[in-house]
Amino acid sequence: MGWQVIWIVLKKELLDLFRDRKAWLGTFLVPLVIIPFVFFLLGNSYSNVEKEAREYVPLAVHGSSRLIALLQENPGVKLLQPADPEQALQAGQLRAIITIPESFDEQIQAGKTAKLHVAFDSTNSKSVYARDLIEQTIERYSKEIVAKRLKQAGLSEQAIQPITPDFQNVASEERQSGGMLAGFIPLMLVVSLASGGIASANDLVAGEKERGTLESLLTAPIAANHILTAKLLAVMVMSIMSAGASLISVSLVMSVGPFGGAGDHFSLAFFSPVTLLVLIVVILLMAATFAGLELMLSTIAKTFKEGQTYMSGVIFLAMVPSYMLMPQSPVDIAEHYYALPVFNGVALCKEVFYGKVDPVHALVGIGSSLVYVAITIFFASRLFRREGAGLKN
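All chains use their own residue numbering, which begins from 1 and follows the written sequence. Only residues with pLDDT of 70 or above have their local features reported here, since the model is predicted, and side-chain atom pairs are shown and tallied only from 80 upward, although totals for entire chains, interfaces and linings are computed over all residues. Calculation of side-chain values draws on the structure's entire complement of heavy atoms; hydrogens and water are dropped beforehand.

Focus: the sheet that holds strand β2 (residues 77-79)
Where we set the bar: Two strands pair if DSSP finds at least two bridges between them. Numbering goes from the N terminus for both helices and strands, where a helix is a DSSP run of H or I of at least four residues and a strand is a run of E of at least two. The axes are straight lines fitted to the C-alpha atoms, using for helices just the contacting stretch, and the angles between their N-to-C directions are given from 0 to 180°. We call two residues in contact whenever any of their non-hydrogen atoms come within 4.5 Å of each other.
One open sheet holds the four strands; their spatial order is β2-β1-β3-β4, and the pairing between them is mixed. Taken across any chain shown, the strands that pair with only one partner, and hence form the sheet edges, are β2 and β4 (117-120). Ignoring strand direction, the axes of neighbouring strands in this sheet form an average angle of 25 degrees. Sheet strands touched by helix α6 (residues 125-152): β1 (57-62), β2, β3 (96-99) and β4. Its angle to β1, the strand with the most contacts, is close to 60 degrees.

Observations regarding the packing of aromatic side chains
Note the threshold: Here is the rule: rings of Phe, Tyr and Trp (six-membered ring for Trp) pair when centre to centre is within 6.5 Å. Planes less than 30 degrees apart are stacked, more than 60 are edge-to-face, and the remainder are tilted. Buried, partly exposed and exposed residues are distinguished by accessible area as a fraction of the type maximum, computed with a 1.4 Å probe on protein chains only: under 20%, between the cut-offs, and over 50%, respectively.
The full count for this structure, using the stated rule, is two aromatic pairs. Between Tyr337 and Phe343 the ring centres are 5.0 Å apart and the planes differ by 20 degrees, which places this aromatic pair in the stacked class. Note on accessibility: Tyr337 and Phe343 belong to one class, buried. Seen from their ring centres, Phe378 and Phe379 are 5.4 Å apart, and the 75 degrees between their planes marks the pair as edge-to-face. When its relative accessible area of 45% is taken as the criterion, Phe378 is described as partly exposed.

A closer look at empty space enclosed by the protein
Under the convention used in this document: As defined here, a cavity is a set of points on a 1 Å grid over the protein atoms alone where a 1.4 Å probe fits but cannot get out. A pocket is an open set with protein on both sides within 12 Å along at least five of seven lines, and residues line them when an atom is within 4 Å of a point. Grid points are joined across faces, edges and corners, and a volume is the space filled by probe spheres set on the points.
According to the stated counting rule, one finds two cavities of 30 Å³ or more in the structure shown. Its volume calculated, the largest cavity comes out at about 60 Å³. Taken together, Leu285, Met286, Thr289, Phe290, Pro341, Val342, Asn344, Ser369 and Tyr372 make up the full set of residues lining the largest cavity. At the level of secondary structure, the elements contributing two or more residues to the lining of the largest cavity comprise α11 (273-300) and α14 (359-392). Per element, the largest residue contribution to the lining of the largest cavity is four residues, and it comes from α11.

Focus on the packing of α11 against helix α13 (residues 343-353)
The condition is simple: Angle categories: roughly parallel below 35 degrees, roughly antiparallel above 145, roughly perpendicular from 65 to 115, and oblique for all the rest. Left-handed describes a crossing in which the near helix is turned anticlockwise from the far one by less than a right angle; the clockwise case is right-handed.
Across the interface, α11 lies against α13 with an axial gap of 10 Å and an inter-helix angle of 160 degrees. Considering their axes alone, α11 and α13 lie roughly antiparallel with respect to each other. Seen from above, α11 lies across α13 with left-handed handedness. On α13, the residues that touch Thr275, Val278, Leu279, Val282 and Met286 of α11 are Gly345, Leu348, Cys349 and Val352.

Digging into the environment of Val342
Here Val342 is to be found in the loop between α12 (304-325) and α13. Relative accessible area serves as the criterion here: at 8%, Val342 is assigned to the buried category. Placed 24 residues apart in sequence, Val342 and Ala318 show a C-alpha to C-alpha distance of 6.7 Å. In this structure Val342 touches Val190, Phe290, Leu317, Ala318 and Pro321, once residues within four positions along its chain are discounted.

In C-alpha cells form, the structure reads like this:
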C-alpha cells in the first residue's frame, strides 16, 4: 500500500516537472547542447590561434648569424624592422625580438659557448609559439655545430651520448582512454548530479509552499514520509537524467567536433560488469545524497528565491572534491577520501575509469555513502514532518 501511494505521488510530481519547460531546459538543454557547443568553440578557438601562430611569425632581429637563415627556413617566419620593437612586441605586432651579439659567430668558431637574447610575451600564446620555434631552431643549429666539432676532434656523436633511453608505456590503450576520461568525467558527473535536481527540489517544496499547494498535499490522508519519498525519487530521476545527458554530450564531443580526432583510438573496453555496477551504484547513491540535501534546504527555505540562494552551496559541495581529486591518479588518492562525502564517489569513479576497482575502497566508499544518504534523508524527513505539522496547525 505504501509503495502504491509513493508511486502515485511520484507520477504526479514527475508529470508536473516534465510540464515545466525550465526543468527541461536545465536538465537536458544545458548538458546536451551547451556543453558540446562550449567544447566546440574552445576547440575551434585553440585551433585557429595555433593556425595563425604557424602561418605568420613576425620577428625582429638585432645582429646577424647563420642561425637567422635557419630560422627563416621555418614556414611563416617574417623579419620586420619596426621603429620601436619593444612596443611592437607588447602590441602583438611582433612575436619575439632576437638580439645577437657581434662576436656570436666568432665565439662559436672558437669552440666557445655563445649567448643570444630572445624577448617574448608569455601572455600571448602566439608569442610563446614563436619562442618555442626559436628554441627548436637553436637546438637544430647547436646539433650541427656539435657534429662539426666532434668531426674535427675525430669523435663520433656517440661519444657525447653514451646512454640511449628506451621508454616503454605499460598502460594499455583501454587504460589510456580511461585515464583521459577520469580527469574530467567525475567532475561533470558529480556537478550534473548536484545541479540537475536543484530546480526540481526547489520547486517541489519551496515552490509549492509559495504557491500554497504543499499544504493541501500534506493535509491529504497520505503519510508525510510517503510524500517525501516520492519527492526524493523525483529529484533523483531529474539528477540522473541530467548526468546521463552530460555523459551523452561528452560522447558527442569525443566522437565529433574539434576533439573527434582522439576518437580513432578511443575505447570503452576498460568497463567490465563489475566496474559498471560500481559506477551505477555510486551514481544512485550520490543522486540520493544530493536529492536529500536539496530537499532539506528547500524545506528550510520560506520562498522559492530563498531556496535558490541555499542551493548554490550544493554546487560548491560538488565542485570542491571534484577539482581536488581531478589531477590525482587512483593510486595517489589518500585512503581517508573514500570515507568522506562526495570525495568517495569521485574517487570510485576515477577507479572505474582506470578499469580496476579496489574491493576495500568500494566497500568503504559505498558503505560510507549509504550512511550519508541515511543521515541526509533522516534530517530531511524530520524537517519535512515538522513543516507538515506546522501547516496542519
